[in-house]
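This is what each chain is made of:
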Amino acid sequence: MNMFEKAFYLGLGVFSVTRERIEKLVNELMEKGEISREEAGQVIEDLIQKGEEERKAIRKLVQEELGNLKKDMPTVTRAEFEELRARVEQLEKRMEQSE
């Protein structure tokens, strides 16, 4: 994974919901009487599972888009770069000699 991808995924982490935050939300709902204690455990698991599914879907989408971006961008191998560098140096020497 390159630096761009790592930074992007780190940014996605800011939006992820932790189990603690979910439990806090569910406890607040129980205190308000909006859900029962029996429902709370299932609600927590459902929300965690949904969050994980969404995280996986986002990750897959990002990977696909990065793959498409890589396909569309012209890339140069290190060997090709070094070959071009050598050719430029040769041309520079020829120009210096002809002056």
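Quick notes on the rules
- Residues numbered from 1 in each chain as written.
- Predicted model: local features only at pLDDT ≥ 70, side-chain atom pairs only at ≥ 80, totals over all residues.
- Heavy atoms only, no water.
- Salt bridge = Lys/Arg side-chain N within 4 Å of Asp/Glu carboxyl O.
- Helix = DSSP H or I, 4+ residues; strand = E, 2+ residues; numbered from the N terminus.
- Buried < 20%, exposed > 50% of the residue type's maximum accessible area, 1.4 Å probe, protein only.
- Expected span 1.5 Å × (residues − 1).
- pLDDT = per-residue confidence, 0-100.
- Core = buried A, V, L, I, M, F, W, Y, C linked by side-chain atoms within 4.5 Å.
- Contact = heavy atoms within 4.5 Å.
- Axes fitted to C-alpha atoms, helices over the stretch in contact; angles between N-to-C directions.
- Left-handed = near helix turned anticlockwise from the far one by under 90°.
- Nonpolar A, V, L, I, M, F, W, Y, C, P; charged D, E, K, R; others polar.

Moving on, we come to the pattern of salt bridges. Tallied over the entire structure, the rule returns three salt bridges. In this structure, Glu52 engages Arg55 in a salt bridge whose closest nitrogen and oxygen atoms are separated by 2.6 Å. A residue pair is termed a helical-turn pair when its members lie 3 or 4 positions apart in one helix, as Glu52 and Arg55 do in helix 3 (residues 37–72) at three residues. Classification of Arg55 by relative accessible area gives partly exposed; the value is 41%.

What follows covers helix 3. With 36 residues, helix 3 extends 53 Å from end C-alpha to end C-alpha; this agrees with the ideal 52 Å at 1.5 Å per step. Those residues of helix 3 that sit buried are Ala40, Ile44, Val62 and Leu66.

With that settled, the discussion passes to the confidence of the model for the chain. Residue-level pLDDT values for the chain average 80, and 83% of them are 70 or greater. Across the chain, the element-wise mean pLDDT spans from 54 in helix 1 (residues 3–13) up to 94 in helix 4 (residues 78–98).

Core analysis: the largest hydrophobic core is formed by six residues, namely Ile22, Val26, Met30, Ile35, Ala40 and Ile44. Of all the secondary structure elements, the ones that give two or more residues to this core are helix 2 (19–31) and helix 3. Residues within four places of Ile35 in sequence aside, it is in contact with Val26, Leu29, Met30, Ala40 and Val43.

Attention shifts here to the packing of helix 2 against helix 3. The relative placement of two packed helices comes down to the angle between their axes together with the axis-to-axis distance. One can describe the packing of helix 2 onto helix 3 by two numbers: an axis separation of 10 Å at closest approach and a directional angle of 150°. As for how helix 2 packs across helix 3, the hand of that crossing is right-handed. Residues Arg19, Ile22, Glu23, Val26 and Met30 of helix 2 touch helix 3, and the partners they reach there are Arg37, Ala40, Val43, Ile44, Glu45, Leu47 and Ile48. Per-class residue counts for the contact of helix 2 with helix 3 are eight nonpolar, no polar and four charged.

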